[in-house]
Structure formats: C-alpha cells, structure tokens
Amino acid sequence: MEKRRRAEKLVALLRWFVLVLGSVVISDSIDGSRIAILASVLGVYNAFVTFCTFSAARFAKCGRRLSDICRLIDTAAISLVLAVFANSESVAWLLYWFVLVSSGYSNASLRRLAYDSATVLSANALATLYAASVNGSPLTQVAYVLSIRSVGIIMGALVAAYVAKVRSQDELVSERGCYLQAILDCGTKLTRFRDVRELAVYVLQSAVTQSGAQGGELLLINDETNEMEREAFHSLAGESADVQGPPESLIRSYANWVLSTGKEFIVKSSVTSEEQTSSSASSFERDNHHAIAVPLQWQSSGADNEVSVLGVLVVWSAPGEDFAPDALDILKIFAAIAGAAIVNLKLYTTLQKSFLRTLQSLAASLEARDEYTRGHSERVMKVALMIAEELGVPSESMEVLRSAAELHDIGKIGVPDAILRKAGKLTAEEWETMRRHPIVSEEICRPLGLPDEVLFLIKHHHERIDGKGYPAGLPPEQQPLLQRILVVADSFDAMRSRRPYRDVMSEEELLSELNRSAGRTMDPTVVEALKRLMDRGDLVPIYAEHDRLTGISVRPSRENSKAA
Ligand SMILES: [Fe+2]
C-alpha cells in the first residue's frame, strides 16, 4: 500500500507536468479558451489525486481503485482531445504514453498493463474514427492515422512493460531487504519491551507495514479469564477509520477458528479454500476485504514439545486489494517471533513480580523486628499516595511512587541493629553507615529491572530541598515532584512515630516541625498538601494500627478530634 501510494504520488506530480506540456502541444490546433477549460477541469482532478497521495491515511481511504480510475480519466481526457479538438496531424495521442508508463510504474503488473493497453488502443480507435467521421476524412487516411497511432501506442506499451518488469524486480529485491531488516529489527527490539501491550503494538505495526495490509488487530488470550482480548489495533487509515475494517465480530470469529485449529486463516476472493465455505468467510468476502489470520504459537522445550496458541494476528487489506504472494509467510515469521517474545516477557514479568514480593516481604520483616519502624514503609507509601492525589499527580505516576515507597528503606538491611536502634547520638562513622542505606536500597532493587524513575526515588529519598541532603546533595531543580513527595512522607512518618530517642510528638510539635522544615529540608508546597490532609483527618486511619500497637496517640490530636 505504501509503495503504491509513493508511486501514485510521483505519477500525480508528473501529471502536472504532462498537463502543461499537453496544453502547449495542442495549442496550435485548439482554441485557447477550450484548452483553459479542459486544463482547469483536469487540474482540479489532479489536485484531488495529489492531495490523496500525500498522506497514507487519505490514500487508504481513497482505496486501491484510485490508480485504476486515474488511468481511465487520463485515457478519457486524451481521447476527448483527439476526438473533438485535435486534427489528424496532432501528436496529442503521444500523451497515451503517460497513461501506459504510469500504469507500468504504479502497478508493476504486466496483467494490469495489458488491460490498460487494450483500453488505450480501444479509446484511441474510437476517438480517431469519431474525429474522421466528423471531419469526413477519406478511409485511407483514417487507416493510415489509426495504424500510426496504434503502432506508437504498442511501442509505448512495450516501454511500459519494461518499466513494470524492472520495477517489479526492484520491488522484489527491495521488499525482501525490507522484510529481512524488519524481522531483524523486530527480533532485536522485542527483547527490550517490558510491557506486553507495547510489544503487541510494535509487532502489529511491523506486520501491517511489511505485509502491505491496510490494518490489523492482535488478540491475546488472557491467562486469568482464558478469553481472547484485543491487545493492539493498527490501521493506516487511522483509528477513526476502525469502521472501514472488517467488523469486530468477524475478526473474532476468524480468531476463534485459528485458535481452535492452530492453522492460518486466509480469505481471498479468487481462492477457493475450506475456510471460505464458512458463513463468516462468505460475509467477509461480501465486504470485499481480504484478510489473513495467523496463530501466535509457542513450542515448549520440554520432552513433549507441546505447541500452545497464545493469540492471533489478523490483518486485512484495503477493500478489493490482494495481498502480495509472500504476505502469509511474512506474517507467520512475525507471529513466531512475537509468540516467543510474549512467552519470555510473561516469564520475566512473573519472575520480576515474585522477586518484588520477596523484597517487599523482606523489607516488611526487617521493619517488624523493631517496634519503632514496624509498618514504616507501608505507611510512607499510603501517605505519599494521598499527598500525590492531593497535588493532582497523574494516575500513571502513582505506581512509580508506590513501588519506590515500599522499597525505599530495604538498604537498611546492611545497617547493623546497634546503629538502627541506638537511642543516643550516632558517631560520625555510624552516621556514615546510615547515610549509605539509600544507595544500598537502589543497588538491591536495580537487578529487578524496575523503571529508572523508581530507582531514582529510592536512591534520593533523603535529599533536602536546600540541596544539603544525602547521598548526592541534589539541588532543588534536580528534585522531581514524586521525589519531594516521598521525602515529605518519609520524614512525616518519622516525626509521627515514636522513636528510640524521643517520644511521639504532639500535633502542635508536629505542625511546628513541619513549618520549620518547609523550604529548608522539605518542599513547602508538598508540606502544605500534607497539612491539608492532617487538617481533614485523612491520615488517621493510616496510623490507627501503629497507635494501637504502641499504645500511644498524638496529643492533643486535631486528627483524632476531627475523625471523632
Ligand atoms: Fe531511609
């Protein structure tokens, strides 16, 4: 489709040149006003064609028939000139060469060219005979003119056939090169995806482009519900043109057939296959769409070598347009690569989740050893999420904040209990050990493949807004909002909980400490959001369990009084 669009775009640009050239050629024998009218009409027509060919989406909407219609209009326009305006000596018939060569270049098909050549020969014969009858030309002159023009047109057809052959060979070499490159790219890039949906979109876009389809859909079996779900949709005609593809119910019926048989599904108007006997195939064909559906398979490496179908890749052509002969093979290669990549990604995700859960449990058990820190990470996570919500942080950032908050202190595993539980002031050496825990946290979490944003938050949860924090002493402009929120939530939980070196703070002491820290160690905007939450009593449920276990409560507590 894309190659056809580019060829048709070039033909449309050449048509402007031919239009000017043709107007000059016939200006000797035709009145100038008539040339102006004809050139204006053809100019409007070519402006529309040029407009359609400058965008893949517009060209897809125009349909494959655009180039066939263009050849017919060009032939009709030239024939009109020959029949009505030109005399027998006019060389305007040479413009038929443009029709033939553009057909050979655009379609690269000898069969299509033979059809266009026959049309041009017939149109020329009719135009020549009509002009001769109007002018009353002698029969011998008519035969002579017709012979000369027909021979000239056949020569033009031979040149066009050469163009079509060269172009089809070039296309073959170029397409094979593109396929190989696309398959290579696909194999390389698929290992980098960490999300099945992103992977599915990439595979589908590559498959649609390389198979010359107009659009496609990738469906995967949901492991929990065992139902097939649309994972990706792609159309060259744009998302809004969904309705231009086959109905979703029909795609589903094809996918179900592929799923149950494990075989590919082909619908072609010129092919009689067992699939086409199904009612679904018949109705699909009535829509004049052609489609290919292939299974996404994975073969286990066990002794049984069992083949599982993970999903289905369905692509469809523009209405009435055939797929290239090797489109099915290309799609099968993409489906095989995608199947293996999806299985690997699911295994990776499962392992990652398992490691993550293990680490979270480890962090929780580490905190549970000490009554002062028990539940700290969970409370920090809840407070941080509430502040983020208060500040209107987008929902997609919440998961980043949640993961970072749950694991931010895992590095304390490397800090001896004697330092963690020390009631007195830490020595310089002990303090240095303590200051390393964010770095250790980040190092422990890095192999999990967590997003860089999460690792950044973990590493920098002890930075200060005045740039005097640790471990990096980041200046404020390098501290993103999520990190500032985590700093405030972490500090607040430390203030709000009982510590070995001090009792729990009263609310006045808490507010005083927050006000003192705002703009010095903590972001004042984030602190204000936290104070609003405190004022509304929103944090009370988070600390209910902590206060019950430690037998304390914030005194006197505006949170508690509001909640009550
Ligand atoms: Fe910490």
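Structure: see above.
In this convention, every chain numbers its residues from 1, walking through the sequence in written order. The predicted nature of this model means local features are confined to residues of pLDDT at least 70 and side-chain atom pairs, given and counted, to a pLDDT of 80 or more, with totals for whole chains, interfaces and linings taken over all residues. The side-chain numbers reported here are obtained from all heavy atoms of the structure, hydrogens and water having been left aside.

Peer 1: Sorry, what's going on with the packing of aromatic side chains here?
Peer 2: Within a pair of aromatic rings, the relevant descriptors are the distance that separates the centres and the angle that separates the planes. Within 6.5 Å between ring centres, the rings of Phe, Tyr and Trp (the latter by its six-membered ring) count as paired, and their orientation is classed by plane angle as stacked under 30 degrees, edge-to-face over 60, tilted in between. Going through the model one piece at a time under the given rule, you end up with three aromatic pairs. Ring centres 5.9 Å apart and planes at 40° place the aromatic pair Phe 233 and Trp 316 in the tilted group. Within this pair, whereas Phe 233 is found in strand E2 (residues 228-235), its partner Trp 316 is found in strand E5 (residues 307-316), the two being separated by 83 residues in sequence. Of the two residues examined, Phe 233 and Trp 316, each falls in the buried class. Here Trp 431 and Tyr 470 contribute two aromatic rings whose centre-to-centre distance is 6.0 Å and whose plane-to-plane angle is 75°, an arrangement assigned as edge-to-face. Helix and strand assignments follow DSSP, with helices taken as H or I runs no shorter than four residues and strands as E runs no shorter than two, numbered in order from the N terminus. Note on classification: 1.4 Å probe, protein chains only; a residue is buried when its accessible area is under 20% of the maximum for its type, exposed when over 50%, partly exposed between these limits.

Peer 1: Which parts of the structure should I look at to understand the pattern of salt bridges?
Peer 2: Opposite charge on two side chains permits them to pair, given that their charged atoms come into close proximity. Definition used for salt bridges: Asp or Glu carboxyl oxygen within 4 Å of a side-chain nitrogen of Lys or Arg. Per the stated rule, a full pass over the model turns up 22 salt bridges. Connected through shared salt-bridge partners, Glu 217, Arg 230, Glu 248 and Arg 252 make up one network.

Peer 1: Could you clarify how one ought to interpret the pairing of strand E1 (residues 215-221) in this entry?
Peer 2: Strand residues, when the strand is regular, have side chains that alternate between the two faces of the sheet. With respect to burial, E1 is a largely interior element, seven of its seven residues being buried. Side chains Gly 215, Glu 217, Leu 219 and Ile 221 of E1 all project onto a buried face; the interleaved residues Gly 216, Leu 218 and Leu 220 project onto the opposite face, where all are buried too. Across seven bridges, E1 lies against E2 in antiparallel orientation. When the bridges of E2 are listed, Leu 218 appears paired with Ala 232. Linking E1 to E2, which pair antiparallel, is a turn of six residues; within it Asn 226 sits at a positive phi near 65°. DSSP bridges decide pairing: two strands pair if at least two such bridges lie between them. Across six bridges, E1 lies against E5 in antiparallel orientation.

Peer 1: What's the story with the sheet that holds E5 in this structure? I'm lost.
Peer 2: Whenever strands of a sheet pair, they do so through backbone hydrogen bonds, lying parallel or antiparallel. Strand order in the open sheet made by the five strands is E2-E1-E5-E4-E3, with antiparallel pairing throughout. The open sheet terminates on both sides in strands that have one partner only, identified here as E2 and strand E3 (265-267). Going from strand to strand, the sheet's axes swing by 15° on average, the running direction of each strand aside. By the bridge criterion, nine bridges tie strand E4 (residues 291-299) to E5 in an arrangement that is antiparallel. Directly across from Gln 297, in E5, lies its bridge partner Val 309. Where helix H11 (residues 327-368) meets the sheet, its contacts fall on E1, E3, E4 and E5, and the angle it forms with E4 comes to roughly 40°. Note on geometry: axes are lines fitted to C-alpha atoms, helical ones only across the stretch in contact, with angles between N-to-C directions running from 0 to 180 degrees. The contact rule is simple, with two residues in contact once any of their heavy atoms fall within 4.5 Å.

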